[in-house]
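Below, each chain spelled out in residue letters.
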Amino acid sequence: MSETVSYQRIQQAYQRARTELLSARTEAGYWEGELSTSALSTATAVMALEMIRRHRPQDDHTLDTTIAQGIHWLATHQNEDGGWGDTVKSISNISTSMLCHAVFHATKNTEKFAAIVVNAKQYIDRIGGVEAVIARYGKDKTFSVPILTHCALAGLVEWKTIPALPFELSCLPAQFYKTVRLPVVSYALPALIAIGQVRHHFCKPKNPILRLIRNVSIQKSLQKLISIQPSNGGFLEAAPLTSFVTMSLAGMGLVDHPVVQKGLQFLLDSVKPDGSWPIDTNLATWTTTLSVNAIEGTLSEFEKAPIRQWLLNQQYKEMHPYTSAEPGGWAWTDLPGGVPDADDTPGAILALLNLNSEEAEDQLSTELRTPIYNGVKWLLDLQNSNGGWPTFCKGWGTLPFDQSAADISAHVIRALQAWLNTEATDDETSLRKRATRAVERSFKYLASVQRVDGSWLPLWFGNQHIDNDENPVYGTARVLAAYATQEKQKSTQATQAVEFLKTVQNTDGGWGGAKGAPSSVEETALAVDVLLLIGLDPESTTIVKGLNWLLEQVESGTFTESTPIGFYFAKLWYFEQLYPIVFCVSALHRAEMVLKKCADANLRSSLEGEDYRIICAEEK
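About the criteria used
For every chain, the first residue of the written sequence is number 1, and numbering continues from 1 onward in sequence order. Confidence filtering applies because this is a predicted model: local features only for residues at pLDDT of at least 70, side-chain atom pairs given and counted only at 80 or more, and all residues used for totals across whole chains, interfaces and linings. Excluded from the side-chain calculation are hydrogens and water; included are all heavy atoms of the structure. For each structure, a 1 Å grid was placed over the protein atoms alone; sets of points admitting a 1.4 Å probe that cannot get out are labelled cavities, open sets with protein on both sides within 12 Å along at least five of seven lines are labelled pockets, and lining residues have an atom within 4 Å of a point. Grid points are joined across faces, edges and corners, and a volume is the space filled by probe spheres set on the points. For this scheme, ten residues count as nonpolar: Ala, Val, Leu, Ile, Met, Phe, Trp, Tyr, Cys and Pro. Four count as charged, namely Asp, Glu, Lys and Arg, and the remainder, Gly too, count as polar. Think of it this way: any DSSP run of H or I at least four residues long counts as a helix, any run of E at least two long counts as a strand, and we number them from the N terminus. What a helix should span is 1.5 Å times the count of its residues minus one. Three exposure classes are used, based on accessible area relative to the maximum for each residue type with a 1.4 Å probe and protein chains only: buried under 20%, partly exposed in between, and exposed over 50%. Here the axes come from fitting lines to C-alpha atoms, over the contacting stretch only for helices, and the angles between their N-to-C directions go from 0 to 180 degrees. Rotating anticlockwise by less than a right angle from the far helix to the near helix defines a left-handed crossing, while the corresponding clockwise rotation defines a right-handed one. Contacts are assigned to residue pairs with any non-hydrogen atoms lying within 4.5 Å of each other. For classification, angles of less than 35 degrees are called roughly parallel, those exceeding 145 degrees roughly antiparallel, those between 65 and 115 degrees roughly perpendicular, and all remaining angles oblique. The salt bridge definition used is simple: a Lys or Arg side-chain nitrogen within 4 Å of an Asp or Glu carboxyl oxygen. What qualifies as a polar contact is a pair of N or O atoms within 3.5 Å, subject to a donor-acceptor requirement within protein and to the restriction that residues adjacent in sequence count only when both atoms come from side chains. Centres within 6.5 Å make a pair out of two Phe, Tyr or Trp rings, where for Trp the six-membered ring is used; the pair is then stacked when the planes are under 30 degrees apart, edge-to-face when over 60, and tilted otherwise. Working rule: Lys NZ or Arg CZ, within 6 Å of ring centre, within 35 degrees of ring normal, means a charge sits over the ring.

Participant: Describe in detail empty space enclosed by the protein, supporting the description with residues and values.
Facilitator: The tally for this structure, following the rule as stated, stands at three cavities of 30 Å³ or more. Each pocket or cavity is described by its volume, and for the largest cavity that value is around 210 Å³. Taken together, 15 residues line the largest cavity, and the ones lying closest to its centre are W332, D343, D344, W460 and Y574. Of the residues that constitute the lining of the largest cavity, the class distribution is 11 nonpolar, one polar and three charged.

Have a look at this one:
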């Protein structure tokens, strides 16, 4: 039998990690977190500012310092190979490198930073330039066209080589967007309009009818853009998307347009003191629900109340102007640029269930019953015909973020099942029947997309050390959690998934995104957490080695070190400072509960005279 892990050691590590997590709360009681700074965001933001500066009077120097600081940050964060990665911990990629290289040209800084520019050009040529960008994204033009547009504004790419975007389609009523199959994902409508227009401005179609249609669509589509811009100017709270829209309109001379002015203000408000920009403002709703669900019901009512109210305030009560999403969902942030989605909504439902008032005991409090009901209905209305769930919009298109995703579908299953386990009221009967059927349909979907090796791939997370940036460890852990709370716990799919996680464990006891990838706190914690949840023997070699690796990180203080595993749309990397802490807390909390339960069970058996050894005792 393998070496055991001390219950006391787990308790101490859990308390240390939990204390770290609780200390990260805002004064209002929720979690905001901090997203990594980004070379891609910085490059696009500087380009947007430069396009505006070009059309201002020569004696207007209000943007000079911000632009100079951004350029300096990029110059000091170039990787040794000459390229840039999305984060300061990321390996170089062609997309970010081309964006960074272009902005040195646009701002006329090629001589001042000659070595930086030369090294960047050599990297880009070595990787494949424009062709490599197009190949990276395939049929999805959501990101390839904006990147090439950015480079065209810098004078490095010819406009005629950039695919034209049909911005005139944005003039159609929103209900027709699914029918016309836009060439970008649902959240990228602002880019379709602005980038489509700037490309049309510099390179009009030869077809006179198409040229006429686009000419007469300019003002109407701009009005559409105004109507969907958030009050703070930031589309999706994302600096890159806001920058692409702003640079495109400014690049064609519309510097005084209200969308440009609000976009400019958003960028100036979100720049960091060091001159860089993060990939997004924050993931406050997401990090709050992750944190609450990691520590489950261990908060006091005094601590629960403000978080509960804050989360309830984040639920959308009206149709969203951007995606036309019905009321009832939650976005990833509490800020105006958020959009309700099928990952944050189940997270919020699970969190609210964990935040249920102690006075309500085993029933849902009146305060939570209706909001959760509305959230469940919102999710059920979003389910795709194949049984899975997309991120934002049902049946929008065939691009990844609009298709069903395994990790998101599993998250929805967990939320629906948790709600179904609460006491029902008469007026919930119909919705509960729908939810039960939806769960069964989704499990069929999950079985259909499980890979031969037993793994599932996630949509919103990856690993830069794995081919195609995949992360089967993350995906499998998230999906397996849905099986763990069902009768399907011992199904073929669950068994295969457990075996997959066991076989890809590294020799040091940790997990990376797949076999052989460097171990990380995030991926190790997720694997340990779900394997304990699914019922793997806590004394097994797999669990003991995984826990030991995790405990060593807590005891050495390195458990707070983030890894770039997050995808923010179209393969855009980020890391979040709370992820390793949250996932670590969840895994150690699970271990503590499991070991305490088995210790209690063995103690009871021992008192009955049976010969059981307490496997959760102190290490010898």
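Next comes the rest of the account.
Participant: Could you give an account of helix α11 (residues 239–251), naming the residues involved and the relevant values?
Facilitator: With 13 residues, α11 extends 17 Å from end C-alpha to end C-alpha; this agrees with the ideal 18 Å at 1.5 Å per step. By the criterion of burial, α11 is predominantly enclosed, with 13 of the 13 residues buried. Just downstream of α11 lies G253, where phi reads positive at about 95°.

Participant: Account for the packing of helix α19 (residues 472–484) against helix α20 (residues 492–503), with residues named and values stated.
Facilitator: The geometry of α19 relative to α20 is characterised by a closest axis approach of 10 Å and an angle of 145° between their N-to-C directions. Both α19 and α20 take part in a crossing whose hand is left-handed. Of the residues in α20, those touching α19 at P472, V473, T476, L480 and Y483 are Q493, A494, A497, V498, F500 and L501. Per-class residue counts for the contact of α19 with α20 are nine nonpolar, two polar and no charged.

Participant: Before we move on, can you summarise the packing of α19 against helix α21 (residues 521–534) with the specific residues and values?
Facilitator: Helix packing for two helices is described by the angle between their axes and how far apart those axes are. Remark: α19 packs on α21, axes separated minimally by 9 Å, with the N-to-C direction vectors making an angle of 25°. With respect to α21, the axis of α19 lies roughly parallel. α21 is crossed by α19, and the crossing has left-handed handedness. For the pair α19 and α21, contact is made by V473, Y474, A477, R478, L480, A481, Y483 and A484 and by E523, L526, V530, L533 and I534, respectively. Among the residues making up the contact of α19 with α21, the classes are represented as 11 nonpolar, no polar and two charged.

Participant: Can you explain the layout of surface pockets? Please cite residues and give values.
Facilitator: The volume enclosed by the largest pocket comes to roughly 880 Å³. The wall of the largest pocket is formed by 37 residues, among which N293, E296, L350, N354 and R414 lie closest to the centre. Mapped onto the lining of the largest pocket, the elements with two or more residues apiece are α13 (284–295), α15 (344–354), α17 (406–420), α19, α21 and α23 (579–607).

Participant: I'd like to hear about the pattern of salt bridges, residue by residue, with values.
Facilitator: Under the criterion given, the structure shown has 21 salt bridges. The residue R434 makes a salt bridge to D381 at a minimum N-O spacing of 3.1 Å. Residue R434 is located in helix α18 (residues 429–449), and its partner D381 is located in helix α16 (residues 366–382); the two are separated by 53 residues in the primary sequence. A salt bridge links E470 to R451; the shortest N-O distance between them is 3.3 Å. Within this pair, whereas E470 is found in the loop between α18 and α19, its partner R451 is found in the loop between α18 and α19, the two being separated by 19 residues in sequence. By relative accessible area, which is 23% here, E470 ends up partly exposed.

Participant: Give me the lowdown on the side chain of S270, citing residues and values where you can.
Facilitator: Mapped onto the elements of the fold, S270 is located in helix α12 (residues 258–270). S270 gets classed as buried once you look at its relative accessible area, which sits at 16%. Polar side-chain contacts of S270 include one of 2.9 Å to the backbone oxygen of F266. Ignoring any residue separated from it by four or fewer positions in sequence, one finds S270 in contact with W277 and P278.

Participant: Now, about the packing of aromatic side chains: what can you tell me, with residues and values included?
Facilitator: Applying the stated criterion across every chain, the model contains 15 aromatic pairs. Taking 4.1 Å as the distance between ring centres and 15° as the angle between the ring planes, the aromatic pair formed by Y30 and W310 counts as stacked. Here Y30 is found in the loop between α1 (7–23) and β1 (37–38), whereas its partner W310 is found in helix α14 (residues 301–314), with 280 residues between them in sequence. Taken individually, Y30 and W310 each receive the classification buried, so the pair is uniform in this respect. Consider the rings of W332 and F392, whose centres lie 6.5 Å apart with planes at 70°: the pair is edge-to-face. Of this pair, W332 sits in the loop between α14 and α15 while F392 sits in the loop between α16 and α17, placing them 60 residues apart in sequence. Of the two residues, W332 and F392, neither departs from the other in class, the shared state being buried. By way of ring pairs, the aromatic residues F461, Y474, Y574, Y579 and F583 are connected into one cluster. Stacked on the ring of W419, the Lys or Arg R432 has its end atom at 4.3 Å from the ring centre.

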